[in-house]
Amino acid sequence: MTVLQKLAWLNLVVLGLILLALAALVPLKGLSTAFHYLVVSSAVFTAVWIAVLLGYVIRQGLNRLRNRPEVLWDEREEAIYYKACTWAFAASWVLMVLGNGRFLKQYLEKGPEAVSVVLLSDVLGIAFVVLVGVFSVSVLIFSGKESRDAGK
Amino acid sequence: MPGNEVTNSIRRLRFDNGEMTQQELAERVGVTRQTIIAIESGKYMPSLPLAFKLARAFGKGVEEVFSFEDGRPQSPEKEAVGA
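Since the structure is predicted, the reported quantities are computational estimates derived from the model, not experimental observations. (Residues numbered from 1 in each chain as written. Chains lettered and ligands numbered in written order. Predicted model: local features only at pLDDT ≥ 70, side-chain atom pairs only at ≥ 80, totals over all residues. Heavy atoms only, no water.)

L50(B), A51(B), L54(B), A55(B) and A57(B) are the residues of helix α4 (residues 48–57) of chain B that are buried. The arc enclosing the buried residues of α4(B), seen along the axis, measures out at 160 degrees, which places them on a common side. Opposite the buried face of α4(B), by more than 90 degrees, sit the exposed residues L48(B), P49(B) and R56(B). The inward-facing, buried residues of α4(B) contact α4 (75–110) of chain A together with α1 (10–16), α2 (22–29), α3 (33–40), α5 (62–65) and β2 (66–69) of chain B. Just downstream of α4(B) lies G59(B), where phi reads positive at about 70 degrees. (Buried < 20%, exposed > 50% of the residue type's maximum accessible area, 1.4 Å probe, protein only. Helix = DSSP H or I, 4+ residues; strand = E, 2+ residues; numbered from the N terminus. Arc of directions from axis to C-beta. Contact = heavy atoms within 4.5 Å.)

See below:
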């Protein structure tokens, strides 16, 4: 499994845990209030990615010290990364546009006060989760099944 | 596009070169083993620099490792001259 595939699986696991935590909050706080916490997921993912990055920097450093250089990223990984980013940004962009439509509806019906920071953070939270989710699934799809081929 | 296909003989060349493993080849050309697997199975087309590196790893030219089939004769100019 490549670094990108591992990161994609880690993202999906973290995403699953965040959604489970939100589902657990629903009986305590109510659906709409629990939903506001979705924006916190960006901080969780940032923390996870920094930890992963540090882990790989340390691993590469140790490999160099042992004189065992290891290729973790190459042109194919880069191609998969860019394709997955394109899909992820396209999906989150659609959500941002839909969110803007919602802001506009609120503004026209109830005035500027109705377009709250909470509403904005809800849209950002959903868009971020979709961005990470679509990116991770795209990575796994584009990486394909060739890694199952263990032939020499 | 149907008929446009790049094939390669990396798998055969690895065996001809002392049964070189995918990992050994990957280390020689500076990519991951998964990339070698993807190239061998035709799921990934390498960049030109990587194609040259792969060819050099076997001591061959690029056209001895990769071949392009587009369903057309290889030298249309020669045919035109002959006609």
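Side chains of nonpolar character tend, in soluble globular proteins, to be buried together. All names here are of chain B. In this structure, I10, L25, V29, I36, I39, L54 and F66 are the most contacted members of the largest nonpolar core, which totals 20 residues. Within the residue set of this core, elements represented by two or more residues are α1, α2, α3, α4 and α5. Tallying contributions element by element places α4 first for this core, with five residues. With sequence-adjacent residues up to four places away left out, I39 is seen in contact with N8, I10, Y44, P46, L50, L54 and F66. (Core = buried A, V, L, I, M, F, W, Y, C linked by side-chain atoms within 4.5 Å.)

When the UniProt feature table is mapped onto this chain numbering, "domain: HTH cro/C1-type" (unreviewed entry) sits at residues 10–65 of chain B. Annotation note: span residues 10–65 of chain B, helix share 66%, strand share 0%, distance between end C-alpha atoms 6 Å. (UniProt positions renumbered as here; feature names shortened; annotations may be inferred.)

What follows deals with the packing of aromatic side chains. Residues and elements named next belong to chain A. Taken as a whole and assessed by the stated rule, the structure comprises six aromatic pairs over all chains. For the pair W49 and F128, a centre-to-centre distance of 6.1 Å together with 45 degrees between the ring planes defines the contact as tilted. Of this pair, W49 sits in helix α3 (residues 41–65) while F128 sits in helix α5 (residues 117–143), and the two are 79 residues apart along the sequence. The interplanar angle of 80 degrees and the centroid separation of 5.8 Å between the aromatic rings of Y81 and F135 together place this pair among those described as edge-to-face. Here F135 lies in helix α5 and Y81 lies in helix α4, a separation of 54 residues in the sequence. Residue F135 is classed as buried on the basis of its relative accessible area of 11%. Here the aromatic cluster, defined as three or more aromatic residues joined through ring pairs, consists of W73, Y81, Y82 and F135. Its end group placed over the ring of F142, K83 keeps NZ or CZ at 4.8 Å from the ring centre. (Phe/Tyr/Trp six-rings, centres within 6.5 Å; stacked < 30°, edge-to-face > 60°. Lys NZ or Arg CZ within 6 Å of the ring centre and 35° of its normal.)

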